[in-house]
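Inside the fold
Chain by chain, the residues:
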Amino acid sequence: MATSETQTGKIGSPRVKALVFGIVAIVILAAVGTGGAYWWHQRNAPSQASAADCALAQRIIDEAQAQDKSTVMKWMEKMHDLRKAQMKDGYLGYQIARYESSIAAHLTGKGEAPTKAGLADVSAQANSHCTAVKRTLVFPPLAA
């Protein structure tokens, strides 16, 4: 009678090899998943503006408060030129341009009037570009 000896639990056994292979596969998949998640986050994160860009954005927001119906259009042209010449982060510049347009629509009554939700969105989007420099842009509410 022939007896077969099974190798359960020994280093060279098929079960141990399969277990080691499984652990190695899980570690590799976790590393690839972590790297992929990091890449995805970096790819989809908002651009980060410089301190100078954020300071310029706040200056434009502050100057908007001093405008009235007679000055707002000329002011918008001046701010457009200033943003194009000095602001490096175009995504922050776009949000500030949205704010300028809201101010103009509010003051002149032309175009779509800004809503509180729309202005809150502009504020949140603009501030997402200034987090690296630890700057919070303050958007005052529009006067009635």
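Everything below is about the structure shown above.
The model shown is predicted, which means the values in this text are computed figures rather than measured ones.

Rules behind the numbers
- Residues numbered from 1 in each chain as written.
- Predicted model: local features only at pLDDT ≥ 70, side-chain atom pairs only at ≥ 80, totals over all residues.
- Heavy atoms only, no water.
- Helix = DSSP H or I, 4+ residues; strand = E, 2+ residues; numbered from the N terminus.
- Buried < 20%, exposed > 50% of the residue type's maximum accessible area, 1.4 Å probe, protein only.
- Disulfide = S-S within 2.5 Å.
- Salt bridge = Lys/Arg side-chain N within 4 Å of Asp/Glu carboxyl O.
- Axes fitted to C-alpha atoms, helices over the stretch in contact; angles between N-to-C directions.
- Parallel < 35°, antiparallel > 145°, perpendicular 65-115°, else oblique.
- Contact = heavy atoms within 4.5 Å.
- Nonpolar A, V, L, I, M, F, W, Y, C, P; charged D, E, K, R; others polar.
- Expected span 1.5 Å × (residues − 1).
- Polar contact = N/O pair within 3.5 Å; in protein donor to acceptor, adjacent residues only side chain to side chain.

A few words now on the overall build of the chain. Helix and strand counts for the chain come out as five helices and zero strands. Starting at the N terminus and ending at the C terminus, the chain contains elements arranged as α-α-α-α-α. Split into buried and exposed, the 144 residues of the chain put 28% on the buried side.

The subject of this paragraph is the state of the cysteines. Taken as a whole, this structure holds one disulfide when the rule is applied. Two residues share a disulfide in this structure: C54 and C130, whose sulfurs sit 2.1 Å from each other. In this structure the cystine formed by C54 and C130 twists about its S-S bond by roughly -105 degrees; its chirality is therefore left-handed. Here C54, found in helix α2 (residues 51–64), pairs with C130, found in the segment after α5 (116–128); they are 76 residues apart in sequence, far enough to count as distant. Judged on exposure class, the residue C54 and its partner C130 are both buried.

It is worth spelling out the pattern of salt bridges at this point. For the coordinates displayed, the defined rule picks out three salt bridges. Its salt-bridge partner being R83, residue E100 comes within 3.0 Å of it at the nearest N-O pair. Of this pair, E100 sits in helix α4 (residues 90–108) while R83 sits in helix α3 (residues 72–86); the two residues are 17 residues apart in sequence, bridging distant segments of the chain. Each member of the pair, E100 together with R83, is buried.

Direction vectors running N to C along α2 and α4 enclose 0 degrees, while the axes themselves pass 10 Å from each other. Judged on the interaxial angle alone, α4 and α2 are roughly parallel. Along its contact with α2, which presents D53, C54, A57, I60, I61 and A64, the element α4 presents L92, I96, Y99, E100 and I103. The residue inventory of the contact of α2 with α4, partitioned by class, reads nine nonpolar, no polar and two charged.

In this model α4 runs 26 Å from its N-terminal to its C-terminal C-alpha over 19 residues, within 8% of the 27 Å that 1.5 Å per residue would give. Within the span of α4, buried status applies to L92, G93, Q95, I96, A97, Y99, E100, S102, I103, A104, A105 and T108. Looking at the buried side of α4, the elements it contacts are α2, α3 and α5. Where α4 begins, the capping side chain belongs to D89, and its oxygen is found 2.9 Å from the backbone nitrogen of Y91.

Right, let's get into α5. Between the first and last C-alpha of α5 there are 18 Å, a value that for 13 residues agrees with the 18 Å anticipated at 1.5 Å per step. Listed in full, the buried residues belonging to α5 are L119, V122, S123, A126, N127 and S128. Those residues of α5 that are buried are in contact with α4.

Tracing the backbone shows S128 in helix α5. Judged by relative accessible area, S128 falls into the buried class, the value being 18%. When sequence neighbours within four positions are dropped, the list of residues in contact with S128 reads P46, S47 and Q48.

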